[in-house]
Amino acid sequence: MLTASQSSQVKPQQWATTTCRRSSAASSAALLPPPPLATGRRRVVAVDSRSTVASAALRPVAAEFADTSPVPQPPPSFSDEEEAMLGSYVPVYVMLPLEVVTTENEVADAEALRAQLRRLRGAGVDGVMVDVWWGIVEGAGPARYEWRAYRELFGAVQAEDLKLQAIMSFHACGGNVGDAAVSIPIPRWVRDVGEGDPDVFYTGPGGARNQECLTIGVDDQPLFHGRTAVQVYADFMKSFREHMADFLGAGLIVDIEVGLGPAGELRYPSYPETQGWVFPGIGQFQCYDKYLEADFKAAAAEAGHPEWGLPDDAGGINDTPEDTGFFAAEGGTYLTEQGRFFLTWYSSKLIRHGDRILDEANRAFLGCKVKLAAKVSGIHWWYRHPSHAAELASGYYNLGGRDGYAPIARMLARHGGAVLNFTCAEMRDSEQPAAAMSAPERLVRQVLSAAWREGVEVACENALSRYDRRGYNQMLRNARPNGVGAGAGGRRVAAVTYLRLSEELLAGNNFRVFRTFVRRMHADLDHCPDPARYGRPIRPLERSAPEIPMERLLEATAPAPAFPFDAETDMSVGGGLAEAVDWVLDKIAWIVFG
């Protein structure tokens, strides 16, 4: 069990900071951002003096370059033509491994990580993204926070001239696509509460509990040693700000992505692999805990229908829509008055949950030069079925005549223009099995268009790790749907995050293609360290605008056509011929090196 120092213990509701000041506990001059070095020079790693076990792995690396005097490096110089092209520059971030900080609160293989970060920086990558796991930092007990490993990690990122996107990960790792091999549960003391009251977890129609995250039904329930779930999340973020004030002040952290559900996404955990889900199963509604059920019954009674209950005809987790009464294309319950009422309530609860947690994030980071962000999942299967069954089960009330994503974008707009981060940017419709009735390309167009109409920035990422040129070209096309230059109409994503850093990504031809991908995202320009130069200035976070009534949020559901997207990117990393060359190079490497 980890022990926390007195300075890392936080009592609930004692926070009233309003500026991004440096905390007294983290004011050491050694933690100030070191100036950049001239080409060929390295930086000394600045490690928090309070770090203990894991810091030892970085000390030899720091000492190796300790005798190198830092020399300021001027910003890159661009020609007038290149300055104009900066309007098409899209920064690239790379997700760090899920277990980069271990459950023992140590940086995993810090020296190897430093080498990987250095290679990313050499490829022109702008920064990295990392999960800040609730289960690790507050694992020792309520309001007992231990940040030592994350401070060490952030110092290593800073030393390599990379920026950082930090995810407030209030969920467990494990049980979703892509994270089955890693297990980082939510804090033990929270699970202990769940042993006495299992309804603090999301619950399916058959009673199956999901311990990946807390149900939004307990947002206002003071069940967690006197705190509500919302207060627990808020205190965690305030502690993060206090203990990372130097990194925030130095501009290392540019985005705070706020975890809002399973996999950090604003959705219900409707399709967990831990409960046997297999693609393309429709999933199941997750609102059968006593708290959400009581909320629904109260809402139905207020609407004059006390007899209405939660759906009992929505089928099993791996059913197709036509296996069910609720999602059937002809005469499905989702088309009835009762079905529409339930889906409006179900999706509205999700939007309001996201709104409240983002409001707390805004309070926590008020005055800091960061952008807030929220992740929306790309539920692309059954998109072409009239019921959009998988989306509905996840909480996205999206149909042919109803835009389920625009209300989310409108909600984000009030939080200083919080960024909508969307997945599945690498996928093509033609790559999906016909039986899944999938349409990731159409879904991406719809979501990005909805956000842009609401004046919200969009970031995107790939859902699955890929190293092929076809996947990269699809991400480039979605990042700049109308190409580079003046004809783009100002539509481009705020950033692209690549999933994920691994030795496979950094190996041979994979890394050569990735370097080209980064260069194309940068509109064939050198790396630009100043976001303001490419039109993404990061200003001190101001207070969120007044809460938007749900009625006004739901007005955004009126459908509108998506913006036009080009058929292909105008900055390709190469096609079939290049892939043939890749194959030859790989064969040669295999013959020579074995």
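Residues numbered from 1 in each chain as written. Predicted model: local features only at pLDDT ≥ 70, side-chain atom pairs only at ≥ 80, totals over all residues. Heavy atoms only, no water.

In the nomenclature of an unreviewed UniProt entry, the chain is known as Beta-amylase of Paspalum notatum var. saurae. UniProt lists a comment for the chain under the heading Catalytic activity (unreviewed entry), and it reads "Hydrolysis of (1->4)-alpha-D-glucosidic linkages in polysaccharides so as to remove successive maltose units from the non-reducing ends of the chains." The UniProt entry for the chain carries this comment under Sequence similarities (unreviewed entry): "Belongs to the glycosyl hydrolase 14 family." (UniProt positions renumbered as here; feature names shortened; annotations may be inferred.)

Caption draft 1: Structural context of the packing of aromatic side chains. This structure, assessed with the given rule, holds 40 aromatic pairs. Through a chain of ring-to-ring contacts, three or more aromatic side chains come together here, namely Trp134, Tyr145, Trp147, Tyr150, Phe154, Phe170, Tyr233, Phe236, Phe240, Phe247 and Phe365. A cation over an aromatic ring shows up here: Arg119 above the ring of Phe511, its NZ or CZ 4.3 Å from the ring centre. Stacked on the ring of Phe563, the Lys or Arg Arg491 has its end atom at 4.2 Å from the ring centre. (Phe/Tyr/Trp six-rings, centres within 6.5 Å; stacked < 30°, edge-to-face > 60°. Lys NZ or Arg CZ within 6 Å of the ring centre and 35° of its normal.)

Caption draft 2: Highlighting the UniProt feature "active site" (unreviewed entry) in the chain. The UniProt feature table records "active site" (unreviewed entry) at Glu265 and Glu461. The annotated residues occupy 197 residues of the chain but converge on a single region, no pair of C-alpha atoms lying more than 12.8 Å apart. Looking at where Glu265 falls in the secondary structure, it is placed in the loop between β6 (253-258) and α9 (290-302). Its place among the elements puts Glu461 in strand β9 (residues 458-461). In contact with Glu461, other than residues within four places in its own chain, are Met95, Lys375, Asn421, Phe422, Thr423, Cys424, Ala425, Glu426, Met475 and Thr497. Only 2.7 Å separates the side chain of Glu461 from the side chain of Lys375, close enough to count as a polar contact. (Helix = DSSP H or I, 4+ residues; strand = E, 2+ residues; numbered from the N terminus. Contact = heavy atoms within 4.5 Å. Polar contact = N/O pair within 3.5 Å; in protein donor to acceptor, adjacent residues only side chain to side chain.)

Caption draft 3: The sheet that holds β6, seen in detail. Ordered by their spatial adjacency, eight strands build a closed barrel running β1-β2-β3-β6-β7-β8-β9-β10, and the pairing between neighbours is parallel. Taking the axes of each pair of neighbouring strands and ignoring which way they run, one obtains an average angle of 30° across the sheet. Relative to strand β7 (residues 371-376), β6 runs parallel, the two being bridged by three bridges. Note that in β7 the partner of Glu257 across the bridge is Ala373. Together, β6 and β7 form the strand contacts of helix α10 (residues 337-364), whose direction differs from that of β7 by roughly 160°. Contacts from helix α13 (residues 440-453) reach β8 (419-422) and β9, with the element oriented near 175° to β8. (Pairing = 2+ DSSP bridges. Axes fitted to C-alpha atoms, helices over the stretch in contact; angles between N-to-C directions.)

Caption draft 4: View of helix α3 (residues 110-122). For α3, which comprises 13 residues, the first-to-last C-alpha distance of 18 Å matches the rise-based estimate of 18 Å (1.5 Å per residue) to within 8%. Once α3 finishes, Gly124 follows within two positions and takes phi at roughly 90°, a positive value. (Expected span 1.5 Å × (residues − 1).)

Caption draft 5: Structural context of the state of the cysteines. Scanning all chains against the criterion turns up zero disulfides. Between Cys424, a cysteine without a disulfide, and Cys460, which holds the nearest cysteine sulfur, the sulfur-to-sulfur distance is 9.4 Å. Owing to a relative accessible area of 1%, Cys424 belongs among the buried residues under this scheme. Cys460 sits in the buried class, given a relative accessible area of 2%. (Disulfide = S-S within 2.5 Å. Buried < 20%, exposed > 50% of the residue type's maximum accessible area, 1.4 Å probe, protein only.)

Caption draft 6: Structural detail: the pattern of salt bridges. If you walk through the whole model with that rule in mind, you get 33 salt bridges. We note a salt bridge from Arg188 to Asp192, for which the minimum N-O separation is 2.9 Å. Linking Arg188 with Asp192, this pair stays in helix α6 (residues 188-196), spanning four residues, or about one helical turn. With relative accessibility at 34%, the residue Arg188 sits in the partly exposed group. Salt bridges linked by common partners bring Arg352, Asp355, Asp359, Arg363, Arg414, Arg543 and Glu547 together as one network. (Salt bridge = Lys/Arg side-chain N within 4 Å of Asp/Glu carboxyl O.)

Caption draft 7: Region of the structure containing the nonpolar core. Grouped together as the largest cluster of nonpolar side chains are 156 residues, with contacts concentrated most on Phe154 and Ile253. Among the elements that take part in this core, α10 stands out by supplying 10 residues, more than any other. Those residues in contact with Phe154, other than ones at most four positions away along the chain, are Val130, Val132, Leu164, Phe240, Met244, Phe247, Leu252 and Ile253. (Core = buried A, V, L, I, M, F, W, Y, C linked by side-chain atoms within 4.5 Å.)

Caption draft 8: Fine view of helix α5 (residues 148-159). The end-to-end C-alpha distance of α5, which contains 12 residues, comes to 17 Å, matching closely the 16 Å that a straight helix rising 1.5 Å per residue would cover. Of all 12 residues in α5, 12 are buried, a share of seventy percent or more. Inspection of α5 places Arg148, Ala149, Tyr150, Arg151, Glu152, Leu153, Phe154, Gly155, Ala156, Val157, Gln158 and Ala159 among the buried residues, and these make up the whole buried set. Of the residues one or two after α5, Asp161 is the one with positive phi, at around 65°.

Caption draft 9: Here's a closer look at the confidence of the model for the chain. Considering every residue of the chain, the mean pLDDT works out to 88; 85% of them sit at 70 or more. Within the model, pLDDT remains below 50 along residues 1-72, and this stretch shows 136 contacts once partners closer than five positions in the same chain are excluded. (pLDDT = per-residue confidence, 0-100.)

Caption draft 10: Structural view of the packing of α9 against α10. Here α9 crosses α10 at 130°, and the two axes come no closer than 11 Å. Considering the angle they form, α9 stands oblique to α10. The chirality of how α9 crosses α10 is right-handed. The residues of α10 that touch α9, namely those facing Leu292, Asp295, Phe296, Ala299 and Ala300, are Phe341, Phe342, Trp345 and Lys349. (Parallel < 35°, antiparallel > 145°, perpendicular 65-115°, else oblique. Left-handed = near helix turned anticlockwise from the far one by under 90°.)

Caption draft 11: Quick look at the environment of Ala159. On the secondary structure map, Ala159 appears in helix α5. Overall, the relative accessible area of 5% leaves Ala159 in the buried class. For the pair Ala159 and Arg114, spaced 45 residues apart in the sequence, the C-alpha separation amounts to 9.0 Å.

Caption draft 12: Quick look at the side chain of Ser347. Locating Ser347 in the fold gives a position in helix α10. A polar side-chain atom of Ser347 sits 2.8 Å from the main-chain carbonyl oxygen of Leu343. With residues near it in sequence (within four places) discarded, Ser347 still touches Gly395 and Tyr397.

Caption draft 13: Seen up close, the packing of α10 against helix α12 (residues 406-413). Across the interface, α10 lies against α12 with an axial gap of 10 Å and an inter-helix angle of 20°. One finds that α10 runs roughly parallel with respect to α12. Viewed along their axes, α10 and α12 form a crossing whose handedness is right-handed. Residues Ile351, Gly354, Asp355 and Leu358 of α10 touch α12, and the partners they reach there are Pro407, Ile408, Met411 and Leu412. Looking at the contact of α10 with α12, its residues break down into six nonpolar, one polar and one charged. (Nonpolar A, V, L, I, M, F, W, Y, C, P; charged D, E, K, R; others polar.)

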